[in-house]
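Structural overview for review
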Amino acid sequence: MVKEVRTEATRAALGPTLIKLAQKGLDIVVVDADLGVSTSAAKFGKEFPDRFITVGVTEQNMIGVAAGLAASGKIAFASSFAVFMPGHCFDQVRMAVAQPNLNVKLVASHSGIVVGEDGASAQALEDLSLMLSLPNFRVIVPADVVQAEQAIETAANNDGPFYIRTVRPKTPVIYDNGHQFALGKWDLLRPGSDVTVIAVGVLVKAALDAAELLAQEGVSCRVLNAASLKPADTEATLAAAVETGAIVTAEDHQVHGGLGSLVAQMTARHTPVPIAFLGMQDCYGVSGRWDELLEHFHLTPQAIAEAARELLSRKSA
Amino acid sequence: MASISGASVPELERTARRIRRHIVRMTTEVNSGHPGGSLSSVDILTALYFHVLRYDPKKPTWPERDRFIMSKGHASPAMYSVLAEAGYFPSEELMTFRKLGSRLQGHNIMGMPPGVEMSAGALGMGLSFSLGLALAGRMDNLDYHVYCLLSDGDCNEGQTWEAAAATSHHRVDTVTAIVDYNHIQNDGFSDYTHFVQRDGHGQRPGGWIDDQGHTVNILSLQPLADRWRAFGWNAQEVNGHQFTEIIDALEKAKQHKGQPSVIICQTTKGKGVSFMENNPSFHGKAATKEQLEQALKELAD
Ligand SMILES: Cc1ncc(C[n+]2csc(CCOP(=O)(O)OP(=O)(O)O)c2C)c(N)n1
């Protein structure tokens, strides 16, 4: 099921997938705030110029327009960078889309520290926290381009608001084309019984590599891909807690309000276990190459493995 | 025309060429950054820092200094290069731009290095901040002036117009907004009419994607000067690459009392490097090493 063949940016899935869905007859429209070339939404605009609406750099307006289109029966996609959407238009997302539960799909690219050289202002590290806080929204963080395509299809085919978070750099493709994304289901990418790593986005591959490192030391590490952050997979989380007794969460996001908080909440309710939280530790990013930044902020296979070892020693103590 | 004593036009032009060389070098060095919109604002920044602004690079927080606010924070290569030329830090540091550990971040961060007055990178935020600075100056009886550089994209954002309304409402005449109006944004061309017809769509409403994959007609700002006037501003329009025009307009703006002033500078994105001029591809992409050689030749003294 899992193999590594090539690298591709998850953001690249948007335009081609929307074209495919529209060709199948879905009533898709795209509202664009001067980033469609970067998010790949402009590819859709080239094919369907009458369904591609440019509004300039006006994210608040973009969300309002998308909401109006959705209220008129369209499947309305809006795309921008994750710092600007939800960052620049959160109230519009909350009021105009989430509360009336409209059929608006937000596909936000250039998320996380891996945006790299653009630096702190451009590194969206709070978006999941914002989006997970909104009732009605489904929140998806694809681990690779194959899953991104599936997530976009899922969003188009299910009524109501979605937030899909993609990234700028080309990252390893881990799924083959037969992959079936399912809302509320966290894929078991590697079985294991000593500890579980639950990861999202670019850190899913790092989690798999960490499990490999741990295996060499005789540690059996389970790996879950939490792409469907909301709805979350309570069953898989609780099974991990009960069966492995320790969890490492890994996300390219602030540790508050994202995957780690979600897992802590689910386990605390039912089966409290020790958890290590990997992510941005309540600080802003800096400029640098994206791979350097992952090292700099301890978001590597080695750091995940180290966190797992530490949990194991706490478990046995 | 006001005199431009203190710095002669050929001298300003030489400084501007040096700044342009810094911009293309530092972006190619790290293979990222925003050369196009940096190059388009160089002459405006050169006029400000080498003829108009009151500042002391040794006292970057001097309360009486004039403030320069760069709302279009992606033009950080221009900001850093002009600060280096103005003596805030050695120009060798420019080559650390966007690298891990550097003070010179991808987008401007306040105080990094000293002389950068505002953190920016999300468009639309600069004019509100400028108004705040100007109101504080009025409260504290300081006679500094605030200059705010805006882009096409900044003028798309609603916040700029909220700030425009508030600035004239408070009768603040110590703010001068400067629009680097190059008619090109992230994805392509902001208004169709400024450029020759780019493909067969004719004058259709809204935007479209051309054969090179650029967006055409992203959002028109026309008539830009009249929009500012309607918001209660004193508006001038100049060529943003002619020092005499820029400086004359800046001096008139400062003398204008009772309402804020805006100077709409018609500029060329990528100015000074032939293959970058009016080419949206170089908004957020650096020249290759070979292209850099060509660019440096064109920018030589
Ligand atoms: C609020 C916000 N939305 C989107 C962006 C992404 N972005 C960066 S630059 C840019 C537009 C560039 O064009 P312009 O603002 O006219 O700048 P210039 O041509 O002067 O470089 C966009 C949309 C941003 N920086 N801020």
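**Digging into the sheet that holds strand E7 (residues 234–239) of chain B**
All names here are of chain B. Taken together, 5 strands build an open sheet; the order of strands is E1-E2-E3-E8-E7 and the sheet is parallel. The sheet is open, and its two edges are formed by strand E1 (67–70) and E7, each paired on a single side. Along the sheet, successive strands turn relative to each other by an average axial angle of 20°, direction set aside. Sheet topology note: the E1/strand E2 (residues 146–151) ladder contains 4 bridges and is parallel. Residue pairing in the sheet places Met70 in a bridge with Leu149 of E2.

**Re the layout of surface pockets**
Empty space within the largest pocket amounts to approximately 1100 Å³. Around the largest pocket sit 48 residues that line it, and Ser38 of chain A together with His34, Asn186, His283 and Gly284 of chain B are the ones nearest its centre. Breaking the lining of the largest pocket down by element, the ones donating at least two residues are helix H2 (36–39) of chain A together with helix H5 (152–156) of chain B.

**As for the packing of helix H1 (residues 9–30) of chain B against helix H3 (residues 76–85) of chain B**
Residue and element names in this part refer to chain B. As a packed pair, H1 and H3 sit with axes 9 Å apart at the nearest point and diverge in direction by 130°. When the interaxial angle is binned, H1 and H3 end up oblique. Between H1 and H3 lies a crossing whose hand is right-handed. Facing Arg18, Ile19, His22, Ile23, Met26 and Thr27 of H1, the residues of H3 in contact are Pro77, Ala78, Tyr80, Ser81, Val82 and Glu85. Looking at the contact of H1 with H3, its residues break down into 7 nonpolar, 3 polar and 2 charged.

**A few points about the sheet that holds strand E4 (residues 188–189) of chain B**
Residue and element names in this part refer to chain B. With respect to topology, 3 strands assemble into an open sheet ordered E4-E6-E5, the strand pairing being mixed. Of all the strands in the sheet, the pair left with one neighbour each is E4 and strand E5 (208–209). One ladder, built from 2 bridges, connects E5 with strand E6 (residues 215–216); its direction is antiparallel. Each bridged residue has a counterpart across the sheet, and for Trp208 the counterpart in E6 is Val216.

**Concerning the pairing of strand E7 (residues 162–165) of chain A**
Note on strand geometry: in a regular strand, side chains alternate between the two faces of the sheet. All names here are of chain A. Burial along E7 is two-sided: the residues Phe162 and Ile164 and Tyr163 and Arg165 are all buried. Where strand E5 (residues 104–109) and E7 come together, 4 bridges link them in parallel fashion. Looking at the pairing, Ala108 lines up with Arg165 of E7. Two elements, strand E6 (residues 138–140) and E7, share 3 bridges in a ladder whose sense is parallel. In the sheet register, Arg138 faces E7, and the bridge partner there is Phe162. In this view, the connection linking E6 to its parallel neighbour E7 by way of helix H7 (residues 145–157) has right-handed handedness.

**Concerning unusual backbone geometry**
With omega at 20°, the peptide bond leading from Met85 of chain A into Pro86 of chain A counts as cis. Across the junction of Met112 of chain B and Pro113 of chain B, the peptide omega takes the value -10°, indicating a cis bond. Within the element layout of this structure, Pro113 of chain B appears in the loop between H3 and helix H4 (126–139). Non-glycine residue Asn141 of chain B carries a positive phi angle of around 55°. As for its placement among the helices and strands, Asn141 of chain B is situated in the loop between H4 and E2. Given a relative accessible area of 73%, Asn141 of chain B falls into the exposed group.

Each value, and the rule that gives it
Residues numbered from 1 in each chain as written. Chains lettered and ligands numbered in written order. Predicted model: local features only at pLDDT ≥ 70, side-chain atom pairs only at ≥ 80, totals over all residues. Heavy atoms only, no water. Pairing = 2+ DSSP bridges. Helix = DSSP H or I, 4+ residues; strand = E, 2+ residues; numbered from the N terminus. Axes fitted to C-alpha atoms, helices over the stretch in contact; angles between N-to-C directions. 1 Å grid on protein atoms, 1.4 Å probe; cavity = no way out; pocket = protein on both sides within 12 Å on 5 of 7 lines; lining within 4 Å. Points joined across faces, edges and corners; volume = space filled by probe spheres on them. Parallel < 35°, antiparallel > 145°, perpendicular 65-115°, else oblique. Left-handed = near helix turned anticlockwise from the far one by under 90°. Contact = heavy atoms within 4.5 Å. Nonpolar A, V, L, I, M, F, W, Y, C, P; charged D, E, K, R; others polar. Buried < 20%, exposed > 50% of the residue type's maximum accessible area, 1.4 Å probe, protein only. Right-handed = clockwise from strand over helix to strand, strands pointing away.

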